[in-house]
Amino acid sequence: MFNKRTRVKDLLAGDKANYEATVMGWVRTFRNNQFIALNDGSTNNNIQVVAELGMFNDDLLKRITTGACIKATGDVIPSLGKGQKVELKARTIEILGDSDAEKFPLQPKKHSLEFLREIAHLRFRTNTFGAVFRVRHALAFGIHKFFNEKGFVYMHTPIITASDAEGAGEMFRVTTLPIDGTAPRNDDGSINFKEDFFGRSTNLTVSGQLEGELAAMAFSDVYTFGPTFRAENSNTTRHLAEFWMIEPEMAFYDLEDNANLAEEFIRYIIRYAMDNNKEDLEFLAQRLAEEEKALPQDKRSEMGLMEKLEFVVNNSFERLTYTEAIEILNESNHNKKKKFQYPITGWGMDLQSEHERYLVEKHFKKPVILTNYPAAIKAFYMRLDDNCAPERQTVSAMDILAPGIGEIVGGSQREERLEKLEQKMRDMHIPVEEMSWYLDTRRFGSCPHAGFGLGFERLVQFVTGMGNIRDVIPFPRYPKSAEF
Ligand code: ATP
Ligand code: MN
């Protein structure tokens, strides 16, 4: 058996000393031909492996370079060095994989995030990305734990779908037909998708919600957690073409139940990461504080990262309706001084991210749940609110807006009444016949139900304090970029 090793994290956490151990990992630095800082990804902290002078031959020592992979066996002893309780006094050192120091792109110095994005295949081996992806893992695990504890069933909704109910323009097509112009055609010249792999036109999913609803009509409480794809040409720090989404869907929930769950959920998983990844978060907090030192005072965050997370976990989110939000925005000095790029034109307008951020960051200074949006600017499946004036028809929608990020959750109570849903679909030119399977839930035992979608990477951004969404997913996909 090869892998008889102790993880660096466990070595450093133990109070014991004076025992034999084997460590394996990648060399971060090698100082004075004696002190190896070794990291195996289990923690941001390195174990110091000491290669005592005279113990090892020069050929071996020359191969201990930044990036090389080594195996070291020796005694764990109390450390005299600063910042670590123990170190490993090596008896044997074996090079598992050499790394040419001249060519290894990750020199032991500070690199910009932009540069590291270009070498995303190696950036895992930096402190920052080590911390980010361990936190990402903790959040993913916390999410499953939360739903499991609540008795939700994890449903795997399809990645390839034929439903074009949501924003067809933003979907990636999936096809095996030739793209050189020889694809079979219909009489009218359009592509004949009957000849395609699935016998119809198919796309990558933009959301698992519709299938989630089908499952909720049997299991009561379900969630999906999977990749979604959007071919939107958004070159922002908040949009990816491939991102992961968590979508719970619950029978017997109204809008308020939905908001309660979303809030409890977000606070739970942040708490989970704080409890399980304190060191990584503290490292990231430090990184952010240093990054912000370069910014002018008014661009810096009011709270440090840990403070912000603590605040979110311990304070309830502000809840208000879209109508109330429009009033606040309209009355704001920001608007009166014409500081919004998109002026507040009144009830019915779609909120831009500058408006959302004003509410969250300037007005309330905490996460906000905005509800009851105008029906005209929201999706067809959202439940029409009762007792509205016709020109002020709203739906039971809710968006959760987070400081620094903007929209992190989008959700709603769903329209459970068949006639109203069909009418809405016709009004919005959604093919009712093709969606018959979806409407079956409303035909056979319909019930009030609700759900939401949380963008996983936006959550990871919020918790890690990383400014660009491309730095919280291992291999980001965005316009003109699908490397690795
Ligand atoms: P936005 O207005 O920010 O583009 P949206 O209204 O298109 O968001 P929804 O369709 O409601 O978003 O998707 C649900 C959630 O998925 C959003 O609240 C957000 O957290 C996340 N999300 C949406 N689009 C993206 C994207 N391109 N990249 C990463 N996350 C996204
Ligand atoms: Mn969008």
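That block above? That's the structure.
Residues numbered from 1 in each chain as written. Chains lettered and ligands numbered in written order. Predicted model: local features only at pLDDT ≥ 70, side-chain atom pairs only at ≥ 80, totals over all residues. Heavy atoms only, no water.

(A) Inspection of the overall build of the protein chain at higher detail. Counting secondary structure elements, the protein chain contains 14 helices and 16 strands. Oriented by its inertia axes, the alpha-carbon framework of the protein chain measures out at about 85 × 60 × 45 Å. Burial status across the protein chain gives 51% buried among its 484 residues. Long-range contacts, defined as pairs at least 24 residues apart, comprise 69% of the intrachain contacts of the protein chain with a sequence gap of at least 6. With the model as given, the accessible surface of the protein chain reaches about 24,100 Å², and the carbon-plus-sulfur share is 50%. The averaged location of the 71 negative side-chain charges in the protein chain is 6 Å from the averaged location of its 61 positive side-chain charges. (Helix = DSSP H or I, 4+ residues; strand = E, 2+ residues; numbered from the N terminus. Buried < 20%, exposed > 50% of the residue type's maximum accessible area, 1.4 Å probe, protein only. Contact = heavy atoms within 4.5 Å. Areas by Shrake-Rupley, 256 points an atom, 1.4 Å probe, with all protein chains shown as cover. Lys, Arg positive; Asp, Glu negative; His and termini not counted. Charge placed at Lys NZ, Arg CZ, Asp CG, Glu CD.)

(B) Spotlight on the packing of aromatic side chains. As enumerated under the stated definition, the model contains 22 aromatic pairs in all. Between F124 and F133, the aromatic rings sit 5.4 Å apart at their centres with planes inclined by 70 degrees, giving edge-to-face as the arrangement. Here F124 falls in the partly exposed class, since its relative accessible area comes to 36%. Here F133 falls in the buried class, since its relative accessible area comes to 14%. (Phe/Tyr/Trp six-rings, centres within 6.5 Å; stacked < 30°, edge-to-face > 60°.)

(C) Examining the site of ligand 1 more closely. Near ligand 1 lie 15 residues; those nearest to it are R230, E232, H239, E407 and R458. Within the side chain of H239, an N or O atom sits 2.7 Å from an oxygen atom of ligand 1. Note that an oxygen atom of ligand 1 is positioned 2.8 Å from one of the side-chain N or O atoms of R458. When contributions to the shell around ligand 1 are tallied by element, the ones reaching two or more residues are β11 (242-251), β15 (406-413) and β16 (449-455). Broken down by element, the shell around ligand 1 gets its largest block of residues, four residues, from β15. Residue composition of the shell around ligand 1, by class: six nonpolar, four polar and five charged. (Near = heavy atom within 4 Å. Polar contact = N/O pair within 3.5 Å; in protein donor to acceptor, adjacent residues only side chain to side chain. Nonpolar A, V, L, I, M, F, W, Y, C, P; charged D, E, K, R; others polar.)

(D) Representation of the nonpolar core. Counting residues in each nonpolar core, the largest one holds 63 residues, and the members touching the most others are F265 and V463. Once you skip the residues sitting within four places of it in the chain, V463 turns out to touch V135, L139, I270, A273, L281, L305 and L309. In this structure, Y322, V368, L401 and M435 belong to the second largest nonpolar core, which totals 33 residues. (Core = buried A, V, L, I, M, F, W, Y, C linked by side-chain atoms within 4.5 Å.)

(E) Quick look at the packing of helix α8 (residues 305-314) against helix α14 (residues 456-464). The interhelical angle for the contact between α8 and α14, taken along N-to-C directions, is 120 degrees, at an axis separation of 8 Å. In this view, α8 runs oblique relative to α14, as classed from their interaxial angle. Residues L305, K308, L309 and V312 of α8 form the contact with α14, whose participating residues are F462, V463 and T464. (Axes fitted to C-alpha atoms, helices over the stretch in contact; angles between N-to-C directions. Parallel < 35°, antiparallel > 145°, perpendicular 65-115°, else oblique.)

(F) Expanded view of empty space enclosed by the protein. All told, the structure shown has two cavities of 30 Å³ or more when counted by the stated rule. For the lining of the second largest cavity, the per-class residue count stands at eight nonpolar, no polar and no charged. (1 Å grid on protein atoms, 1.4 Å probe; cavity = no way out; pocket = protein on both sides within 12 Å on 5 of 7 lines; lining within 4 Å. Points joined across faces, edges and corners; volume = space filled by probe spheres on them.)

(G) Focus on a nonpolar patch on the surface. A cluster of nonpolar residues, I159, I160, F197 and F198, forms a patch on the protein surface that exposes about 380 Å² of accessible area. Residue position: F198 is located in the loop between β8 (173-174) and β9 (202-204). The class of F198 is partly exposed, set by a relative accessible area of 41%. (Patch = residues over 30% accessible without salt bridge, like charges linked within 9 Å, V, L, I, M, F, W, Y side chains within 5 Å. Salt bridge = Lys/Arg side-chain N within 4 Å of Asp/Glu carboxyl O.)

(H) Structural detail: the sheet that holds strand β7 (residues 160-161). Taken in spatial order, the three strands of this open sheet run β7-β9-β8, and their pairing is antiparallel. The open sheet has two edge strands with one neighbour each: β7 and β8. Pairing analysis gives two bridges linking β8 to β9, with the strands arranged antiparallel. Across the sheet, residue V174 finds its bridge partner in β9, namely T202. (Pairing = 2+ DSSP bridges.)

(I) Spatial organisation of α8. Among the residues of α8, L305, K308, L309, V312 and V313 are the ones counted as buried. Within α8, the buried residues cover an arc of 130 degrees as seen down the axis, which keeps them to one side. Buried residues along α8 sit in contact with α6 (255-276), α7 (278-293) and α14. (Arc of directions from axis to C-beta.)

(J) How the structure looks around the pairing of β16. For β16, the tally of buried residues reaches seven of seven residues, placing the bulk of the element in the interior. Residues of β16 alternate between two faces, with H449, G451, G453 and G455 on one and A450, F452 and L454 on the opposite face, all of them buried. As judged from the five bridges shared by β11 and β16, these two strands associate in the antiparallel manner. The partner of M250 across the bridge, within β16, is A450. Here five bridges tie β15 to β16, and the two strands are oriented antiparallel to one another. Bridging across to β16, G411 finds its partner in F452.

(K) Here's a closer look at the pattern of salt bridges. Counted by the stated rule, this structure contains 30 salt bridges. Salt-bridge contacts for R5 lead to D40; the nearest nitrogen and oxygen are separated by 3.2 Å. Here R5, found in the segment before α1 (8-13), pairs with D40, found in the loop between β2 (35-39) and β3 (47-50); they are 35 residues apart in sequence, far enough to count as distant. Classification of R5 by relative accessible area gives partly exposed; the value is 28%.

(L) Local environment of the packing of α7 against α8. Relative orientation of the contacting elements α7 and α8 amounts to 120 degrees, with a least axis distance of 8 Å. In terms of orientation, α7 lies oblique with respect to α8. Within the contact between the two elements, α7 uses L281, E282, L284, A285 and L288 and α8 uses L305, M306 and L309. Here the contact of α7 with α8 is built from residues that sort into seven nonpolar, no polar and one charged.

(M) Molecular detail of helix α12 (residues 418-427). Residues L418, L421, E422, K424 and M425 constitute the buried set of α12. Buried residues of α12, seen end-on, are gathered within an arc of 160 degrees and therefore sit on one face of the element. Count one or two residues on from α12 and you reach H429, which has phi positive near 60 degrees.

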